[in-house]
Amino acid sequence: MSSSAAASSLPPDLFDTTTLVSLAAAASIVLVAYAVSRRALPTGTGTPASLRFLFIWHLADALCHFVLEGSFLYHCFFSYVEADAAAAGLVASPHNFLGHGATRVYGPQAGGSNPFAQLWMVYARADRRWGGADLGVISLELLTVFFDGPVALYVAWLIAKRDPKASFWMIVLATCELYGGFMTFCPEWLIGNLNLDGSNFMYMWVYLVFFNMLWVFIPLYAMWYSYNDISHAFAVRASKKGQ
């Protein structure tokens, strides 16, 4: 296929205004977390780079869970339209979802011009489950928003206070994040990725791979850091007992 033919096959909304604003909103969360780290942690040699990175990650993680994924849950529970999903080209809501019949369609797809609904509809181009009210996704996001979010915020606070309990809670949170990622995509793998669209670089490598693999490699790093920190503490205690 020639380069011109490949370009013409790309979705026309691949880099539209909504997409660019949505990506900028995601990036702004990291910038906010970094700015807070400059105020909450000692500068210079006062804070190791690894610990500053983990503070920024956990604060950004909490903001992502509260703001972005919290908005997803809001639209799944409170945004709906009365419509025939198939006729309207929408993702049908599960039977009897919230006690309603098949004619009520929930999710960001029913959020209209709401900025967060539009943000999720951008991501739903790569994974259509995030456009509607998928029960598996909602169940995971309930835990993510109401458990992972507070724990991530707590970890950031512990790091800022130089509290050694941060290592334990980082392991707890990382385990939750890894499990959540597996349970998000395993159902799709078992049915041949019917809801996923990896037909272009943006959908495949930015939305599906990059944004989701962040919650694999960084939690693994947090586990590794915490394991070494806890092991060191036990080694110090053992050495003191031997004196």
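Residues numbered from 1 in each chain as written. Predicted model: local features only at pLDDT ≥ 70, side-chain atom pairs only at ≥ 80, totals over all residues. Heavy atoms only, no water.

If you check an unreviewed UniProt entry, the chain appears there as Emopamil-binding protein from Cordyceps militaris. Turning to the chain, the UniProt annotation filed under Subcellular location (unreviewed entry) states: "Membrane". A UniProt comment under Sequence similarities (unreviewed entry) is attached to the chain, and it reads "Belongs to the EBP family." (UniProt positions renumbered as here; feature names shortened; annotations may be inferred.)

Q: Is there a simple way to explain the overall build of the chain in this structure?
A: Check the secondary structure of the chain and you find eight helices and two strands. When the helices and strands of the chain are read in sequence order from the N terminus, they spell out α-α-α-β-α-β-α-α-α-α. Overall size of the chain, expressed as C-alpha extent along the three principal axes, is 75 × 50 × 35 Å. Classification of the 243 residues of the chain by burial places 39% in the buried group. Pairs at least 24 residues apart make up 71% of the contacts formed inside the chain by residues separated by at least 6 positions. When the 13 positive and 15 negative side-chain charges of the chain are each reduced to one mean point, those points stand 19 Å apart. (Helix = DSSP H or I, 4+ residues; strand = E, 2+ residues; numbered from the N terminus. Buried < 20%, exposed > 50% of the residue type's maximum accessible area, 1.4 Å probe, protein only. Contact = heavy atoms within 4.5 Å. Lys, Arg positive; Asp, Glu negative; His and termini not counted. Charge placed at Lys NZ, Arg CZ, Asp CG, Glu CD.)

Q: Is there a simple way to think about unusual backbone geometry in this case?
A: Most peptide bonds take the trans form, and the phi angle of most residues other than glycine is negative. One non-glycine residue, Leu 98, lies in positive phi territory at about 60 degrees. Relative to the helices and strands, Leu 98 is located in the loop between α4 (85-88) and β2 (104-106). Positive phi, normally seen in glycine, also occurs at Arg 162, with a value near 55 degrees. As for its placement among the helices and strands, Arg 162 is situated in the loop between α6 (135-160) and α7 (165-190). Of the residues examined, Arg 162 reaches a relative accessible area of 43% and is grouped as partly exposed.

Q: In this structure, what is going on with the UniProt feature "domain: EXPERA" (unreviewed entry) in the chain? I would like to understand it.
A: Within this numbering scheme, the UniProt entry marks residues 50-223 as carrying the feature "domain: EXPERA" (unreviewed entry). As annotated, residues 50-223 has a helix share of 67% and a strand share of 3%, and its two end C-alpha atoms lie 12 Å apart.

Q: Explanation requested: the environment of Leu 173 in the structure shown.
A: Of note, Leu 173 is situated in helix α7. Separated by 120 residues in sequence, Leu 173 and Phe 53 place their C-alpha atoms 16 Å apart.

Q: Help me out: how do you make sense of the UniProt feature "transmembrane region" (unreviewed entry) in the chain in this one?
A: In the UniProt entry, the feature "transmembrane region" (unreviewed entry) is given for residues 20-37, 137-159, 166-185 and 205-227. Secondary structure content for residues 137-159 is 100% helix and 0% strand, and the end C-alpha separation is 30 Å.

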